[in-house]
Amino acid sequence: MLKKDIDYVSYSFIDIFQKDDNEIVETFHEHTKLSPNSTREIGRRVGEIKSDPNILAMMQRAWKNYPAALSIPLDKQASLGDMTLADALKRRASLSTYATSFRPDTLRLEALSALLLHSYGATRPQPWKGRFEDGGFGRPAASSGGLYPMEIYPIVLNVEGLERGVYHYNVPQHALQRLRTGDMLDELFECTTYHDLLKNASVLFVLTGVWKRTLSKYRQRGYRFLMHDAGTLLQNLYLNATALDLGACALGGLFDDRMAKVLDVNPLDEPVLLGFLVGGRPAPAGQLRSLPATI
Ligand SMILES: Cc1cc2nc3c(=O)[nH]c(=O)nc-3n(C[C@H](O)[C@H](O)[C@H](O)COP(=O)(O)O)c2cc1C
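Residues numbered from 1 in each chain as written. Predicted model: local features only at pLDDT ≥ 70, side-chain atom pairs only at ≥ 80, totals over all residues. Heavy atoms only, no water.

### What about the nonpolar core?
Grouped together as the largest cluster of nonpolar side chains are 40 residues, with contacts concentrated most on Leu-112, Phe-205, Phe-276 and Val-278. Looking at this core, the elements that each hand over two or more residues are α6 (109-120), β2 (150-156), β3 (165-170), β5 (203-209), α10 (222-243), β6 (246-251) and β7 (272-280). Core analysis: the second largest hydrophobic core is formed by 28 residues, Leu-185, Leu-188, Leu-197 and Leu-277 among them. (Core = buried A, V, L, I, M, F, W, Y, C linked by side-chain atoms within 4.5 Å. Buried < 20%, exposed > 50% of the residue type's maximum accessible area, 1.4 Å probe, protein only. Helix = DSSP H or I, 4+ residues; strand = E, 2+ residues; numbered from the N terminus.)

### Structural notes on the pattern of salt bridges
Counted by the stated rule, this structure contains 17 salt bridges. The partner of Glu-151 in a salt bridge is Arg-213, and the shortest N-O contact between them spans 2.6 Å. Separated by 62 residues along the polypeptide, Glu-151 in strand β2 and Arg-213 in helix α9 (residues 211-218) bring together distant segments of the chain. Comparing Glu-151 with Arg-213 shows no difference in burial state: the two are buried. (Salt bridge = Lys/Arg side-chain N within 4 Å of Asp/Glu carboxyl O.)

### A word on α10
An α-helical turn contains 3.6 residues, so any two residues separated by three or four positions project in the same direction. Compared with the 32 Å implied by 1.5 Å per residue over 22 residues, the 32 Å span of α10 between its first and last C-alpha is a close match. Most of α10 is tucked away: 16 of the 22 residues are buried. The positive-phi residue at the C-terminal boundary of α10 is Asp-245, with phi of around 60 degrees. (Expected span 1.5 Å × (residues − 1).)

### Digging into the site of the ligand
Near the ligand lie 16 residues; those nearest to it are Arg-92, Ser-94, Ser-96, Gly-252 and Gly-253. At a separation of 3.1 Å, an oxygen atom of the ligand approaches a polar side-chain atom of Thr-97. Separating a nitrogen atom of the ligand from a side-chain N or O atom of Tyr-194 is a distance of 3.2 Å. Summarising the interface, the protein chains cover 69% of the accessible area of the ligand, which totals 620 Å² for the free molecule. The set of elements that each furnish at least two residues to the shell around the ligand consists of α10 and β6. In terms of residue count, β6 provides more of the shell around the ligand than any other element does, three residues in total. (Near = heavy atom within 4 Å. Polar contact = N/O pair within 3.5 Å; in protein donor to acceptor, adjacent residues only side chain to side chain. Areas by Shrake-Rupley, 256 points an atom, 1.4 Å probe, with all protein chains shown as cover.)

### Some remarks on the pairing of β6
Within β6, five of the six residues are buried, leaving the element largely enclosed by the surrounding structure. Summarising the sheet, β6 and β7 pair through six bridges and their orientation is antiparallel. Each residue of the ladder has a partner; that of Leu-251, found in β7, is Gly-275. (Pairing = 2+ DSSP bridges.)

### Overview of the packing of α9 against α10
Where α9 meets α10, the axes come as close as 8 Å, and the angle between the chain directions of the two elements is 135 degrees. On the basis of the axis angle, α9 is oblique to α10. Classified by chirality, the crossing of α10 by α9 is right-handed. From α9, Trp-211, Thr-214, Leu-215 and Tyr-218 reach across to α10, where they touch Gly-222, Tyr-223, Phe-225, Leu-226 and Met-227. Taken together, the residues of the contact of α9 with α10 sort by class into seven nonpolar, two polar and no charged. (Axes fitted to C-alpha atoms, helices over the stretch in contact; angles between N-to-C directions. Parallel < 35°, antiparallel > 145°, perpendicular 65-115°, else oblique. Left-handed = near helix turned anticlockwise from the far one by under 90°. Contact = heavy atoms within 4.5 Å. Nonpolar A, V, L, I, M, F, W, Y, C, P; charged D, E, K, R; others polar.)

### Observations regarding the side chain of Asn-236
Summarising the element assignment, Asn-236 is placed in helix α10. What makes Asn-236 buried here is its relative accessible area of 16%. At 3.1 Å, the side chain of Asn-236 and the backbone oxygen of Ser-119 are in polar contact. The residues touching Asn-236, leaving out its near neighbours within four places in the chain, are His-118, Ser-119, Pro-140 and Ala-141.

### Let's talk about the sheet that holds strand β4 (residues 175-181)
A sheet is described by the order of its strands in space; here seven strands give the open sequence β1-β4-β3-β2-β5-β7-β6, paired in antiparallel fashion. In this open sheet, the two strands that pair with only one neighbour each are β1 (70-73) and β6. Direction aside, the axes of adjacent strands within the sheet are offset by 25 degrees on average. Summarising the sheet, β3 and β4 pair through six bridges and their orientation is antiparallel. Each bridged residue has a counterpart across the sheet, and for Asn-170 the counterpart in β4 is Ala-175.

Worth remembering: the numbers are spatial, not functional.
Structure below.
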């Protein structure tokens, strides 16, 4: 292919910002490329895991549990309604591209239930993976190695029948575990600059990643996989929120460590990766706003 046959318009960013120092990213990427050597290293690790039934069972139980927390069972039959996938894909948009804030609205508990179940819940029993309660089930999101490193913490701001506060989603039970209650808004304002988006939202889902679930198998390359896993979950959340006619917006603009404090998780073992807001969908203003300020 001749150089003149390639459209270089977006690639020319490289020339404009050529003084940027991307060394950390480039070095990390270089060192986490798959090669015959690193494949052998991962292969050895897989062999170790497979030869120890305890490790294998542990890896299958890919979810956190808070046994002392109050558990609120969710509806295992919660429906997404009847929007087709094609329509959901066409309509999916981030609220920040057409409005400045959510329409204040109380989220139905059934909608919250459907959102969680069809984004990261247990979908179908897979008996060949062992008993259901030990992880013998599939999920709606693809996951590298089936290791499901993501945890979801719904922070409830305005949901029917739920006290405001921080919750954790328990996957096999399809239940919310209440970690603490309180009016969260002031604390959340300290964790982001997106106050307009946050102030009328119904729920902020905070997505964390449990490093060891994925890194134990894939070593440093697992970091890349974990981010892909965050992506498959994020797209499910977006499409399901669209099917439920909710406004939705990813929230990468979070102060990671302040958010980890709100959740009371150790940011070294289980870092905060992303936020996702849902709430009442305002009528689109008919024109796109300018680029979001920080992301
Ligand atoms: C990983 C990720 C992080 C994002 N973080 C933010 C954010 O912090 N604030 C915001 O307004 N939009 C955020 N967005 C939404 C993007 O700005 C939006 O997806 C993009 O402008 C394309 O618009 P659309 O989603 O409406 O198609 C994020 C999207 C992704 C995938």
